[in-house]
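Chain residues, written in single-letter form:
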Amino acid sequence: MSKVRKYDYEKIANIYNESGNQAAMEYISENYGSKAPRGVIMRIKNSPGFSFDSINNKIITSSTSEGEIFMGIEELCNKKVENEISIRKTVSVNSIEDITLEFLYKDLMQEKLMELSKYIKLNRYSNTVIIDKTALKMDGYQITIN
């Protein structure tokens, strides 16, 4: 049994629009060996880039492709940089100092949390805190419990 590929959806949609539902189901059965052509047509109707017009009984192919719907790796990787640049364009000069100071505070807090995570472990399942006293003392820390 051959699987209907996404790049064949447009061809099947054209057959559906020109000759009707029965002709599209026969085409799918004959060319792809599918035992459930109705499911293939439903999958085409619900897939990105296609919509179904129930009034005219047509499958409409939209101009947006799957690549335009989903973000690419370049967009995902560069998204953070673009946001920071756009934020800095809209704020005044005095607030840029506040933003950089806020980034500095966040970085310092992250460093402190990373340092603490070497010595302290929280177990949420048993509600316990595990502290490695020997490692703390070896690194020069003093321990006081209140």
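Conventions adopted
Residues numbered from 1 in each chain as written. Predicted model: local features only at pLDDT ≥ 70, side-chain atom pairs only at ≥ 80, totals over all residues. Heavy atoms only, no water. Helix = DSSP H or I, 4+ residues; strand = E, 2+ residues; numbered from the N terminus. Buried < 20%, exposed > 50% of the residue type's maximum accessible area, 1.4 Å probe, protein only. Contact = heavy atoms within 4.5 Å. Areas by Shrake-Rupley, 256 points an atom, 1.4 Å probe, with all protein chains shown as cover. Arc of directions from axis to C-beta. Salt bridge = Lys/Arg side-chain N within 4 Å of Asp/Glu carboxyl O. Phe/Tyr/Trp six-rings, centres within 6.5 Å; stacked < 30°, edge-to-face > 60°. Lys NZ or Arg CZ within 6 Å of the ring centre and 35° of its normal.

**Quick word on the overall build of the chain**
At step 1: On a plain count of helices and strands, the chain comes out with 7 helices and 4 strands.
At step 2: When the helices and strands of the chain are placed in sequence order, the string is α-α-α-β-β-α-α-α-β-β-α.
At step 3: Per-residue burial over the chain gives 19% buried out of 146 residues.
At step 4: By sequence separation, contacts in the chain at least 24 residues apart represent 32% of the contacts at least 6 residues apart.
At step 5: Here the chain displays about 12,000 Å² of accessible surface, and carbon together with sulfur accounts for 55% of that area.

**Side note on helix α3 (residues 37–46)**
At step 1: Along α3, the positions that sit buried rather than exposed are Pro37, Val40, Ile41, Ile44 and Lys45. One side of α3 carries all its buried residues, which in axial view fall inside an arc of 140°. Counted as exposed and oriented over 90 degrees from the buried face of α3: Arg38 and Asn46.
At step 2: Buried residues belonging to α3 abut α1 (9–19), α2 (21–32), β1 (50–53) and β2 (58–61).

**Remarks on the pattern of salt bridges**
At step 1: Using the criterion set out here, one finds 2 salt bridges in the structure.
At step 2: The residue Lys106 makes a salt bridge to Glu102 at a minimum N-O spacing of 3.6 Å. Placement of the pair is Lys106 and Glu102 together in helix α6 (residues 93–117), with a separation of 4 residues, close to one helical turn.
At step 3: Classification of Lys106 as partly exposed rests on a relative accessible area of 45%.
At step 4: The exposure class of Glu102 is partly exposed, given its relative accessible area of 42%.
At step 5: The shortest N-O distance in the salt bridge between Glu115 and Lys118 comes to 3.4 Å.

**Side note on unusual backbone geometry**
At step 1: Despite not being glycine, Asn57 shows a phi value in the positive range, around 55°.
At step 2: Inspection of the secondary structure puts Asn57 in the loop between β1 and β2.
At step 3: A positive phi angle is found at Asn127, which is not glycine, with a value near 55°.
At step 4: Considering the arrangement of structural elements, one finds Asn127 in the loop between β3 (120–123) and β4 (128–131).
At step 5: The exposure class assigned to Asn127 is exposed, which follows from its relative accessible area of 67%.

**A closer look at the packing of aromatic side chains**
At step 1: Tallied over the full model, the rule gives 4 aromatic pairs.
At step 2: For the pair Tyr16 and Phe52, a centre-to-centre distance of 6.3 Å together with 70° between the ring planes defines the contact as edge-to-face. Placement of the pair is Tyr16 in helix α1 and Phe52 in strand β1, with a sequence separation of 36 residues.
At step 3: With a relative accessible area of 4%, Tyr16 lands in the buried category.
At step 4: What makes Phe52 partly exposed here is its relative accessible area of 33%.
At step 5: Sitting over the face of the ring of Phe52, Lys45 holds its NZ or CZ atom 3.9 Å from the ring centroid.

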